[in-house]
Amino acid sequence: MFGAFRPTSVNLGGLLWKTPWKLSITRKANARARLKKVDAVIETVRASGIQCGALEKALQLPKEHEMDPKDKYTVFSATSRGYRKGIHKVPKWTRLTLRVNPKGF
């Protein structure tokens, strides 16, 4: 039980990453602020007059105020019950563009 070969929490069946099952109010506010900052950057680049393919794709994305709360805080997942999972369950979710989901989900 004690010593060099004691069982770890993973071997005992404990959770390695303790991710909460829903976003807290603070994390939701931070996610909304992050979306607004990205919208501001897209608008600034558009106003500068630069033309590129990435900007065209970014302009087609919905803005933060146009998105449903369901789309702000959850993403489509084929393996999850209800086909939705919390956005914070996605690896590196703060760096990805997760604004568009399949229609009907």
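Located above this text is the structure these notes cover.
Computed from a prediction, not measured in an experiment: that's the story for all the values here. (Residues numbered from 1 in each chain as written. Predicted model: local features only at pLDDT ≥ 70, side-chain atom pairs only at ≥ 80, totals over all residues. Heavy atoms only, no water.)

Novice: Tell me about unusual backbone geometry, residues and numbers included.
Specialist: The backbone phi angle of Tyr83 is positive, close to 60°, even though this residue is not glycine. Residue placement: Tyr83 occurs in the loop between strand E1 (74–76) and strand E2 (84–86). One non-glycine residue, Lys92, lies in positive phi territory at about 55°. Overall, the relative accessible area of 56% leaves Lys92 in the exposed class. (Helix = DSSP H or I, 4+ residues; strand = E, 2+ residues; numbered from the N terminus. Buried < 20%, exposed > 50% of the residue type's maximum accessible area, 1.4 Å probe, protein only.)

Novice: I'd love a proper account of the pattern of salt bridges, names of residues and values included.
Specialist: Here the structure, examined in full by the defined rule, presents four salt bridges. With its nearest N and O atoms 2.3 Å apart, the salt bridge here joins Glu43 to Arg46. Separated by three residues within a single helix, Glu43 and Arg46 lie in helix H1 (residues 25–48), roughly one turn from each other. By relative accessible area, Arg46 is classed as partly exposed at 41%. For the salt bridge of Lys72 with Glu64, the shortest nitrogen-to-oxygen distance reads 2.8 Å. Glu64 shares its class with Lys72; the two are buried. (Salt bridge = Lys/Arg side-chain N within 4 Å of Asp/Glu carboxyl O.)

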